[in-house]
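# Coordinate inspection notes
Next come the chains, spelled out residue by residue.
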2 protein chains.
Amino acid sequence: MTHKHPLDQATALERLGPGTYAGRTSEFYSNFGGPFGGFTAAVLLRSVLDDPRRQGLPVALTVNYCAAITEGAFEIKAREIRTGRSTQHWSVELTQGDTVAATASVVCGARRAVWSHHPSEPPELPHPDKLPVFDVTNPKGWLNRFEMRFETGEPDFTPRDPADIRPARSTLWMRDNPARPLDFLSLACMSDAFIIRAFLVRGVFVPVGTVTLTTFFHGNEASMSAQGSDPLLCVADAQIFSDGFADQTAQLWGKDGRLLATSTQIVWYKE
Amino acid sequence: MTHKHPLDQATALERLGPGTYAGRTSEFYSNFGGPFGGFTAAVLLRSVLDDPRRQGLPVALTVNYCAAITEGAFEIKAREIRTGRSTQHWSVELTQGDTVAATASVVCGARRAVWSHHPSEPPELPHPDKLPVFDVTNPKGWLNRFEMRFETGEPDFTPRDPADIRPARSTLWMRDNPARPLDFLSLACMSDAFIIRAFLVRGVFVPVGTVTLTTFFHGNEASMSAQGSDPLLCVADAQIFSDGFADQTAQLWGKDGRLLATSTQIVWYKE
């Protein structure tokens, strides 16, 4: 008997017809009253990954979080927009009843062994074993699906002076919990797993929500296999919080300082 | 008689019905056999900017370049997906005949005078007057629509040793040419105006194309007015060129070190 990883269980889709799927939210990736945004990103990508028409590997994923997704069933429609020699473009929508709760675009690309160059370098972090696992405290919800080991920028909600504004940057090791061999699905999910920067900077919970998330995938299947289930070196940061909208950036590095994914998002915050 | 700026002329749309528009490519923003990607981004955004149903200001724009756009007429369809209290989501498609040449998502947001914080800082650059205007050489095409003054990372196509791999980073001042008061339209256009990083790094032309572009807007109308037609301080860079796909990042800063836009894109390259 095989026990599927929570990510594979949670993102499982029932095919209703060409490019049409039924799915369900999962307690494994629950957030306040709906799924964690990384789950939504992963399940939208999966509708393309599982499609027999897919050509090439995921290169880019943009998810727009249009409305709150409620716990329960949803439907996904994935449209193949255009397939060329080097790229394939998809438009995807997640609906609950008449509500379009999320839209996404997925670009797949035919990666070829041509000129490559890797000018960027990850920061140096202590070995994961030297850093404690982040204590999620709450036994329920999506945070339990990741093993995080912070070097800097661990969230701290101990009450503090509101004038104590801290850096938006975190450096950490992260992998799935339980451990799972890396693939595009888990990278998509993990690219939204960086705790909202406003929480870190201000040390208080305010109403927030990811509005749009764009993740670029920089590796192929060999890069994923090479990584296996070892933790990724991650950097998350923010550049500006302005009038209710903030940005958030992330880099996810694999073994030998190989950049595997980069991500940017806009987060709405109420106050 | 008023003379409209080339950007306003080039992106002018004829309304055919609700959310349906006819447009044309323009020699002002021509590239090799089709329009410059920044033009496409701007005209797609304009279909939402001009829509009477629009609520709030642009916060995010993702453009997927699905197929080559040929010189001539095109049609744009803009669908209002979801309007909430804080955000409004749009899906847009640009077609030529039966070909979907580009898709886009636009997020608008209701900016409110709440807590704001600006942790990032631009690099220091000499005053624009101290840097020469980049010589575009070719009197035709989109490069003439921008006045660029490079501090570092000016493109150099003088034949050189292929092993001479240079930094992917450019720092420069940029504004529209002729000068034009900044708005969301010009920011969208400018966010794709950074010369392809692979050209800079390798010093040779290889076949390339932007596959997907995401731009975040961090200011409101007051930020735009404050900027006027003065040049923006810009940083463009790349983190990885891997198996035919590279990333490209950009930051566009206004007066007083105010971040006005950030952008990321994936560029396909052939060899």
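I will try to describe carefully the structure that is included in this document. For every chain, the first residue of the written sequence is number 1, and numbering continues from 1 onward in sequence order. The naming scheme follows written order: chains are lettered A onward, ligands numbered 1 onward. Given that the model is predicted, a residue must reach a pLDDT of at least 70 before its local features are reported, and side-chain atom pairs must reach 80 or more before they are shown or counted; all residues, however, enter totals for whole chains, interfaces and linings. Each side-chain value is worked out from all heavy atoms of the structure, with water and hydrogens disregarded.

### Looking at the interface of chain B and chain A
We count it as follows: The criterion used for residue contact is that any of the two residues' heavy atoms lie within 4.5 Å. Buried area: the sum, over both parts, of the accessible surface (1.4 Å probe) that disappears when the two are put together. Each reported salt bridge corresponds to a side-chain nitrogen of Lys or Arg within 4 Å of a carboxyl oxygen of Asp or Glu. We define a polar contact as two N or O atoms separated by no more than 3.5 Å, with the added condition that, inside protein, one atom must be a possible hydrogen donor and the other a possible acceptor, whereas residues neighbouring each other in sequence contribute only through side-chain atom pairs. Gly is put with the polar residues, along with every residue not named as nonpolar or charged; the nonpolar set is Ala, Val, Leu, Ile, Met, Phe, Trp, Tyr, Cys and Pro, and the charged set is Asp, Glu, Lys and Arg.
Counting from both sides, the interface comprises 61 residues of chain B and, opposite them, 61 residues of chain A. Among the residues of chain B in contact with chain A, B:Trp115, B:Gln239 and B:Asp243 are the three that bury the most area, contributing 15% of the side total. Here chain B and chain A share 2 salt bridges between them. For A:Glu93, the salt bridge identified is with B:Arg79, shortest N-O distance 2.7 Å. At the junction of chain B and chain A, the tally comes to 29 residue pairs in polar contact (both at pLDDT 80 or more). Of the residues contributing to the side of chain B that touches chain A, the split by class is 25 nonpolar, 25 polar and 11 charged.

### Here's the deal with helix H2 (residues 37-49) of chain B
Convention followed: In DSSP terms, a helix is any run of H or I states spanning at least four residues, a strand is any run of E spanning at least two, and both are numbered starting from the N terminus. How far a helix is expected to stretch is found by multiplying one less than its residue total by 1.5 Å. Accessible area is worked out with a 1.4 Å probe on protein chains only. A residue is then buried under 20% of its type maximum, exposed over 50%, and partly exposed in between.
With 13 residues, H2(B) extends 18 Å between its outermost C-alpha atoms, agreeing within 8% with the 18 Å of an ideal straight helix rising 1.5 Å per residue. Within H2(B), 13 of the 13 residues are buried, which leaves it mostly tucked inside the rest of the structure.

### What about the environment of A:Lys4?
Residue and element names in this part refer to chain A. For Lys4, the position within the fold is in the segment before helix H1 (6-10). On the accessibility criterion, Lys4 (52% relative accessible area) is exposed. In the structure, Lys4 is positioned 179 residues away from Asp183 in sequence and 15 Å away in space, judged by C-alpha atoms.

### What about the nonpolar core?
Counted only if it meets this: Nonpolar cores were defined as sets of buried Ala, Val, Leu, Ile, Met, Phe, Trp, Tyr and Cys residues, with membership established by side-chain atoms within 4.5 Å.
B:Phe146 and B:Met148 are the most contacted members of the largest nonpolar core, which has 70 residues in total. No other element matches H2(B), which puts 8 residues into this core. Not counting chain neighbours up to four residues away, the residues in contact with B:Met148 comprise B:Pro132, B:Val133, B:Phe134, B:Trp142, B:Leu143, B:Leu172, B:Trp173, B:Met174, B:Ala193 and B:Ile195. A:Met174, A:Met190, A:Leu213 and A:Ala261 belong to the second largest nonpolar core, which has 69 residues in total.

### Details of the packing of aromatic side chains
Residues and elements named next belong to chain A. Defined as follows: Aromatic rings from Phe, Tyr and Trp, with only the six-membered ring used for Trp, were paired whenever their centres fell within 6.5 Å, and each pair was classed as stacked if the ring planes differed by under 30 degrees, edge-to-face if by over 60, and tilted otherwise.
The full count for this structure, using the stated rule, is 25 aromatic pairs over all chains. An angle of 25° between the planes, with centres 6.3 Å apart, marks the rings of Tyr29 and Phe39 as stacked. Separated by 10 residues along the polypeptide, Tyr29 in the loop between strand E2 (20-24) and helix H2 (37-49) and Phe39 in helix H2 bring together distant segments of the chain. Geometrically, the ring pair formed by Phe157 and Phe199 is edge-to-face, given 6.1 Å between the ring centres and 70° between the ring planes. Separated by 42 residues along the polypeptide, Phe157 in the loop between strand E7 (146-152) and strand E8 (170-176) and Phe199 in helix H4 (residues 197-202) bring together distant segments of the chain. Phe157 sits in the partly exposed class, given a relative accessible area of 33%.

### Regarding unusual backbone geometry
A negative phi angle is the norm for most residues apart from glycine, just as the trans form is the norm for most peptide bonds. The amide bond that connects A:Asn177 to the next residue, A:Pro178, takes the cis arrangement and shows omega of 0°. With respect to the helices and strands, A:Pro178 occurs in the loop between E8 and helix H3 (184-190). Of note, B:Thr137 is a non-glycine position whose phi angle comes to about 70°, a positive value. Residue classification places B:Thr137 among the exposed positions, given a relative accessible area of 68%.

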